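For reference, the chains in residue letters:
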Amino acid sequence: MRHVIALDVGGTGMKAALVAEDGALLHEARRPTGRERGPDAVVETILGFAAELHAHGRARYGTGAVAAGVAVPGIVEPGDGIAVYAANLGWRDVPLRALLGERLGGLPVALGHDVRTGGLAEGRVGAGRGADRFLFVPLGTGIAGAIGIGGTIEAGAHGCAGEIGHIVVRPGGPACGCGQRGCLETLASAAAVSRAWAEASGDPDADAADCAEAVVSGDERAARVWQDAVDALADGLVTALTLLDPRTLIIGGGLAEAGETLFTPLRAAVEERVTFQKLPAIVPAALGDTAGCLGAGLLAWDLLASSEVSA
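Read on for an overview of the structure. (Residues numbered from 1 in each chain as written. Predicted model: local features only at pLDDT ≥ 70, side-chain atom pairs only at ≥ 80, totals over all residues. Heavy atoms only, no water.)

**Focus on the side chain of H54**
Consideration 1: With respect to the helices, strands and loops of the structure, H54 is situated in helix α1 (residues 39-61).
Consideration 2: H54 has contacts with I5, G64, A65, L104 and L107, leaving out every residue within four places of it along the chain. (Helix = DSSP H or I, 4+ residues; strand = E, 2+ residues; numbered from the N terminus. Contact = heavy atoms within 4.5 Å.)

The structure is reproduced here in structure tokens:
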């Protein structure tokens with residue numbers, strides 16, 4: 001059976017699968033990245049894991065994978081397949097596509113940014129299925145974005161398109177790791193809500209999920225923290241939809257797990273802010289933590305299809 005290797009590389013762990021042409025997950029596996037052993041060890045772990053998946057497919061199906069797709073947490077050069085920067089892996093200018101191709105015996109390899117790869121899956125087989133234009137925004141430790149157009153993801157000229165988390169929504173606000181102040185992700189990410197609620201509640205172990213529960217229970221302090229985050233998020237999203245005019249706005253990540261505790265006030269806040277803009281459907285992501293792996297498989301099949309067309 002024809003299949004591809006799909007790898008979703010996170011900061012501490014990797015999710016992997018063998019994916020059939022119809023999108024079926026034929027085999028799934030997980031493994032730690034080994035980040036504590038340094039950047040070079042992470043690269044070797046990825047290469048070894050991919051080789052094991054290749055061998056498993058050959059043994060199970062009588063033939064090896066026909067391509068591989070990899071999602072990584074950082075900036076990726078679209079044409080060169082180089083992981084230019086991945087802070088939580090300690091990488092700079094890692095030629096991951098070439099290294100994987102060599103380890104896998106010349107197999108074609110597609111490389112993508114983790115959020116944009118997850119957005120590809122959400123757009124094709126998840127919450128954005130059928131939408132010709134969508135914006136996928138996961139609210140996790142940080143905030144990134146994926147711009148979907150006609151079934152593909154717009155990476156930008158330098159692999160940086162969609163970085164909505166670094167729109168400044170509160171000038172002079174909290175310092176961001178990018179060097180600016182008042183970026184959206186410093187105010188509306190799950191990590192930002194966790195910090196704000198820990199301070200407001202006096203519990204250093206409190207997190208965003210605890211804040212959401214406190215909102216539901218009627219805690220006024222939690223309601224203020226939550227509304228501040230929703231207001232900042234709405235400001236950032238209205239800027240994005242003014243520029244991009246998406247038909248569907250898909251919200252994922254840890255903060256979206258609060259369900260209507262997030263979506264009801266967020267939809268209202270966005271609607272209050274739009275003037276001439278058309279209001280998109282605002283929906284929760286559908287694929288959870290499988291999105292990156294499914295997207296990596298789609299990258300691999302897309303690469304293979306483009307190679308076969310050009311041949």
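Anyway, onward from the coordinates.
**Regarding the nonpolar core**
Soluble, globular proteins show a tendency: their nonpolar side chains are buried together.
Consideration 1: Ranked by size, the top nonpolar core spans 41 residues in total, and within it V137, L237, I251, L266 and V270 carry the most contacts.
Consideration 2: Going through the elements one at a time, β9 (133-138), α5 (190-201), α6 (208-217), α7 (220-244), β12 (248-252) and α8 (260-273) are the ones with two or more residues in this core.
Consideration 3: Considering every element that reaches this core, the biggest residue donor is α7, with twelve residues.
Consideration 4: Non-local contacts of L266, meaning those with residues more than four positions away in its chain, are made with V230, L233, A234, L237, I251 and I282.
Consideration 5: Of all hydrophobic cores here, the second largest spans 30 residues; its members include L7, A29, A50 and V72. (Core = buried A, V, L, I, M, F, W, Y, C linked by side-chain atoms within 4.5 Å. Buried < 20%, exposed > 50% of the residue type's maximum accessible area, 1.4 Å probe, protein only.)

**Remarks on the environment of G156**
Consideration 1: Its location among the elements puts G156 in the loop between β11 (152-154) and α4 (185-188).
Consideration 2: The spatial distance from the C-alpha of G156 to the C-alpha of G126 is 23 Å, given a sequence separation of 30 residues.

**Some details on unusual backbone geometry**
With the exception of glycine, the majority of residues adopt a negative phi angle, and the majority of peptide bonds are in the trans configuration.
Consideration 1: Of note, the phi angle at D93 is positive, near 55 degrees, even though the residue is not glycine.
Consideration 2: Within the secondary structure, D93 is located in strand β7 (residues 91-94).
Consideration 3: The phi angle at D245 is positive, at roughly 50 degrees, despite the residue not being glycine.
Consideration 4: Of note, D245 is situated in the loop between α7 and β12.

**Concerning the side chain of R116**
Consideration 1: Topologically, R116 is positioned in helix α3 (residues 114-125).
Consideration 2: As a buried residue without a salt bridge, R116 has its nearest oppositely charged side chain in E163, at a separation of 4.1 Å.
Consideration 3: R116 has contacts with G145, A146, I153, E154, A155, G159, C160, A161 and E163, leaving out every residue within four places of it along the chain. (Lys, Arg positive; Asp, Glu negative; His and termini not counted. Salt bridge = Lys/Arg side-chain N within 4 Å of Asp/Glu carboxyl O.)

**Thoughts on the sheet that holds strand β4 (residues 68-72)**
Consideration 1: Strands sit in the order β3-β2-β1-β4-β8 across an open sheet of five strands; the sheet is mixed. Every other strand in the sheet has two partners, leaving β3 (25-32) and β8 (109-113) as the edge strands with one partner each. Sheet twist, expressed as the average angle between the axes of neighbouring strands with direction ignored, equals 15 degrees.
Consideration 2: Sheet topology places β4 next to β8; five bridges connect them, and they run parallel. Counterpart to A68 in the pairing with β8 is V109.
Consideration 3: Across the sheet, helix α2 (residues 96-103) touches β4 and β8, and the angle it forms with β8 is around 145 degrees.
Consideration 4: Along the sheet face, α3 touches β1 (3-9), β4 and β8 and points at about 105 degrees away from the line of β8. (Pairing = 2+ DSSP bridges. Axes fitted to C-alpha atoms, helices over the stretch in contact; angles between N-to-C directions.)

**Things to note about the sheet that holds β11**
Consideration 1: Strand order in the open sheet made by the five strands is β11-β10-β9-β12-β13, with mixed pairing throughout. In this open sheet, the two strands that pair with only one neighbour each are β11 and β13 (281-284). Geometrically, the sheet is characterised by an average inter-axis angle of 30 degrees between neighbouring strands, direction not taken into account.
Consideration 2: Sheet topology note: the strand β10 (residues 146-149)/β11 ladder contains three bridges and is antiparallel. Of the residues in β11, the one forming a bridge with I149 is T152.
Consideration 3: Along the sheet face, α7 touches β9, β10 and β12 and points at about 155 degrees away from the line of β9.
Consideration 4: Docked against the sheet, α8 engages β12 and β13, running at close to 160 degrees with respect to β13.

**Quick notes on the packing of α7 against α8**
Consideration 1: At their nearest, the axes of α7 and α8 sit 9 Å apart, and the two run at 50 degrees to each other. Taken together, the axis directions place α7 and α8 in an arrangement best described as oblique. Seen along the crossing, α7 lies across α8 with a hand that is right-handed. Contacts from W226, Q227, V230, D231, L233, A234, D235, L237, V238 and L241 in α7 reach T261, L262, P265, L266, A269, V270 and R273 in α8.
Consideration 2: Residues that form the contact of α7 with α8 fall into these classes: twelve nonpolar, two polar and three charged. (Parallel < 35°, antiparallel > 145°, perpendicular 65-115°, else oblique. Left-handed = near helix turned anticlockwise from the far one by under 90°. Nonpolar A, V, L, I, M, F, W, Y, C, P; charged D, E, K, R; others polar.)

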